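Now for the letters of each chain:
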Amino acid sequence: MDSRRTVGRGSLAGVRRQVAQALAGVPLFSGLSKRQLRRLADAGREVSMKEGWRIVGEGEPGDDLFVILEGEARVVARSGRTLARLLPGDFFGEISLLDGGVRTATVVAETPISLLRIDRAGLARIVKEDPGVGLRMLEELARRLRRMERPLAG
């Protein structure tokens, strides 16, 4: 029996709901409504990769976020040391999604993997159609910034 967790398997409506739940776990999207999360899930596309494939590389340009639907990945340092293991529901790439800048880490598929990929263009389209999405994302970023500043002010 396969011990890996999965996200997003079942009926189409069930898949959309599960992917939206996975997106709700991304701090950047935590303030979005269920409807907004479903729209964001719909803007993404599923991609699959084989074990050992590099998904993103540190220092490479990027403009998308990935949410693991099935399989496992690892975050790797330049030295080749594993920094973190990622499982279904985990995500990476949120910084590049926002600013279109270079990747801050390398992520490699540890097993065959299925991911939801959301790119900047898809996010921009949603924000243009529903400015509330952008506002809620900005509010979450401001909350995170405040939490980071508190220890500095002490």
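Report on the accompanying structure. All residue numbers refer to positions counted from 1 along the written sequence of the respective chain. Reporting in this predicted model follows two pLDDT cut-offs: at least 70 for local features of residues, and 80 or more for side-chain atom pairs to be given and counted; totals over whole chains, interfaces and linings ignore these cut-offs and use all residues. In computing side-chain values, all of the structure's heavy atoms are included and hydrogens and water are not.

### Points about the overall build of the chain
Basically, it comes down to this: Here a strand is any run of E in DSSP of at least two residues, a helix any run of H or I of at least four, and the numbering for each starts at the N terminus. Throughout, a contact is declared for two residues whenever any of their heavy atoms are within 4.5 Å. Using the Shrake-Rupley algorithm and a 1.4 Å probe, accessible areas are obtained, with residue cover drawn only from the displayed protein chains.
Along the chain, the regular secondary structure elements total five helices and eight strands. Put simply, the chain runs from its N terminus to its C terminus through helices and strands in the order α-α-β-β-β-β-β-β-α-β-β-α-α. Taking contacts inside the chain between residues at least 6 apart in sequence as the whole, the part at least 24 apart equals 72%. Counting only carbon and sulfur atoms, one obtains 53% of the accessible surface of the chain, whose full area is about 8900 Å².

### Section: the packing of aromatic side chains
Put simply, the test is: By convention, a stacked pair of Phe, Tyr or Trp rings (six-membered ring in the case of Trp) has centres within 6.5 Å and planes under 30 degrees apart, an edge-to-face pair has planes over 60 apart, and any other such pair is tilted. Partly exposed describes any residue whose relative accessible area lies between the buried limit of under 20% and the exposed limit of over 50%, with all areas from a 1.4 Å probe on protein chains only and scaled to the type maximum.
Summed over the entire model, instances satisfying the criterion amount to one aromatic pair. With 5.3 Å between their ring centres and 20° between their planes, Phe 66 and Phe 92 make a pair best called stacked. Of this pair, Phe 66 sits in strand 3 (residues 64-70) while Phe 92 sits in strand 6 (residues 91-92), and the two are 26 residues apart along the sequence. Summarising the burial analysis for this pair, Phe 66 and Phe 92 share the class buried.

### Observations concerning the sheet that holds strand 7 (residues 106-109)
Basically, it comes down to this: Should DSSP find at least two bridges between two strands, the strands are regarded as paired. Note on method: axes are straight lines fitted to C-alpha atoms, helices fitted across the in-contact stretch only, with angles between N-to-C directions ranging 0 to 180 degrees.
Pairing is antiparallel in the open sheet, where four strands are placed in the order 2-7-4-5. Because the sheet does not close on itself, it has two edges, and the strands there are strand 2 (54-56) and strand 5 (82-86). Across this sheet, the average inter-strand angle for adjacent strands is 30°, counted without regard to direction. Note that strand 4 (residues 73-76) and strand 7 share four bridges and pair antiparallel.

### What to know about the sheet that holds strand 3
Spatially, 1-8-3-6 is the arrangement adopted by the four strands of the open sheet, whose pairing is antiparallel. Across the chains shown, the open sheet's two edge strands, defined by having one partner strand only, are strand 1 (45-49) and strand 6. Taken together, the five bridges between strand 1 and strand 8 (residues 113-119) define a ladder with antiparallel strand orientation. Bridge assignment links Arg 45 to a residue of strand 8, and that residue is Arg 117.

### Brief notes about the packing of helix 2 (residues 34-43) against helix 4 (residues 120-129)
To keep it simple, the criterion reads: Working rule for handedness: look at the near helix, and if it is turned counterclockwise from the far one by less than a right angle, call the crossing left-handed; if clockwise, right-handed. Charged residues are taken to be Asp, Glu, Lys and Arg, nonpolar residues to be Ala, Val, Leu, Ile, Met, Phe, Trp, Tyr, Cys and Pro, and polar residues to be all remaining types, Gly included.
Across the interface, helix 2 lies against helix 4 with an axial gap of 9 Å and an inter-helix angle of 145°. Crossing of helix 2 against helix 4: the hand is right-handed. Contact residues: helix 2 offers Arg 39, Leu 40 and Ala 43, while helix 4 offers Gly 122, Leu 123, Arg 125, Ile 126 and Glu 129. Per-class residue counts for the contact of helix 2 with helix 4 are four nonpolar, one polar and three charged.

### Section: the pairing of strand 4
Pairing of strand 4 with strand 5 involves four bridges; the strand directions are antiparallel. Within strand 5, the residue paired with Arg 74 across the bridge is Arg 85. Linking strand 4 back to strand 5 in an antiparallel pair, the connection comprises five residues, with Gly 80 at a positive phi of about 95°.

### Here's the deal with the side chain of Asp 64
How we decide: Pairs of N or O atoms are called polar contacts if they sit within 3.5 Å, as long as, within protein, a hydrogen donor faces a hydrogen acceptor (for residues adjacent in sequence, only side-chain-to-side-chain pairs).
One can find Asp 64 in strand 3. Given a relative accessible area of 6%, Asp 64 falls into the buried group. Among the polar contacts listed, one links the side chain of Asp 64 to the side chain of Arg 117, at a separation of 2.5 Å. Excluding anything up to four places from it in sequence, Asp 64 contacts Gly 93, Ser 96, Leu 97, Arg 103, Arg 117, Ile 118 and Asp 119.

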